[in-house]
Amino acid sequence: KGSNVGNLRNIVMELRKCCNHPYLIKGVEQIEMESIMEQAKRDEELSLKHMVEASGKLVLVDKLLPKLKEGGHKVLMFSQMIRVLDIIEDYLVAK
């Protein structure tokens, strides 16, 4: 019974990762980048577009940030997962 609870926790954690951004799941980012590698060499914004479109949350951030910046607002983001903040950092650096 104890191992079943542990397995369930692992499944829930993987689902949380999937909801935040699929790149949080081990190996997904590498597979996705390999699939668009040739196109990304010709179009540098393609990998950024792909990263944004992979997550509904990042699509929302992509739409909101320019409007908030235009209005002179400051933005502070929190996340329980450090890797989510790393993805947001990659997004902001690319923008």
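Here we summarise the structure given alongside this text. Since we're looking at a predicted model, the values are computed, not measured. (Residues numbered from 1 in each chain as written. Predicted model: local features only at pLDDT ≥ 70, side-chain atom pairs only at ≥ 80, totals over all residues. Heavy atoms only, no water.)

**Things to note about the side chain of K17**
Relative to the assigned elements, K17 resides in helix 1 (residues 2–20). On the basis of relative accessibility, which here comes to 18%, the residue K17 falls in the buried class. In this structure K17 touches P22, L24, I25, M81 and R83, once residues within four positions along its chain are discounted. (Helix = DSSP H or I, 4+ residues; strand = E, 2+ residues; numbered from the N terminus. Buried < 20%, exposed > 50% of the residue type's maximum accessible area, 1.4 Å probe, protein only. Contact = heavy atoms within 4.5 Å.)

**Some remarks on a negative patch on the surface**
On the surface, E29, D86, E89 and D90 cluster together into a negatively charged patch. For the negative patch, the element with the highest residue contribution is helix 6 (residues 82–94), accounting for 3 residues. As for its position among the elements, D86 is in helix 6. Relative accessible area serves as the criterion here: at 36%, D86 is assigned to the partly exposed category. (Patch = residues over 30% accessible without salt bridge, like charges linked within 9 Å, V, L, I, M, F, W, Y side chains within 5 Å. Areas by Shrake-Rupley, 256 points an atom, 1.4 Å probe, with all protein chains shown as cover. Salt bridge = Lys/Arg side-chain N within 4 Å of Asp/Glu carboxyl O. Lys, Arg positive; Asp, Glu negative; His and termini not counted. Charge placed at Lys NZ, Arg CZ, Asp CG, Glu CD.)

**Observations regarding the nonpolar core**
Most often, soluble globular proteins have nonpolar side chains that are buried together. Counting residues in hydrophobic clusters, the biggest one holds 13 residues, and the most contacted among them are M51, L58, I87 and Y91. Sorting the residues of this core by element identifies helix 4 (45–53), helix 5 (56–70) and helix 6 as the ones contributing at least two each. With 4 residues, helix 6 is the single largest residue contributor to this core. Filtering out sequence-adjacent residues up to four positions away, M51 remains in contact with H21, Y23, L58, I87, D90 and Y91. (Core = buried A, V, L, I, M, F, W, Y, C linked by side-chain atoms within 4.5 Å.)

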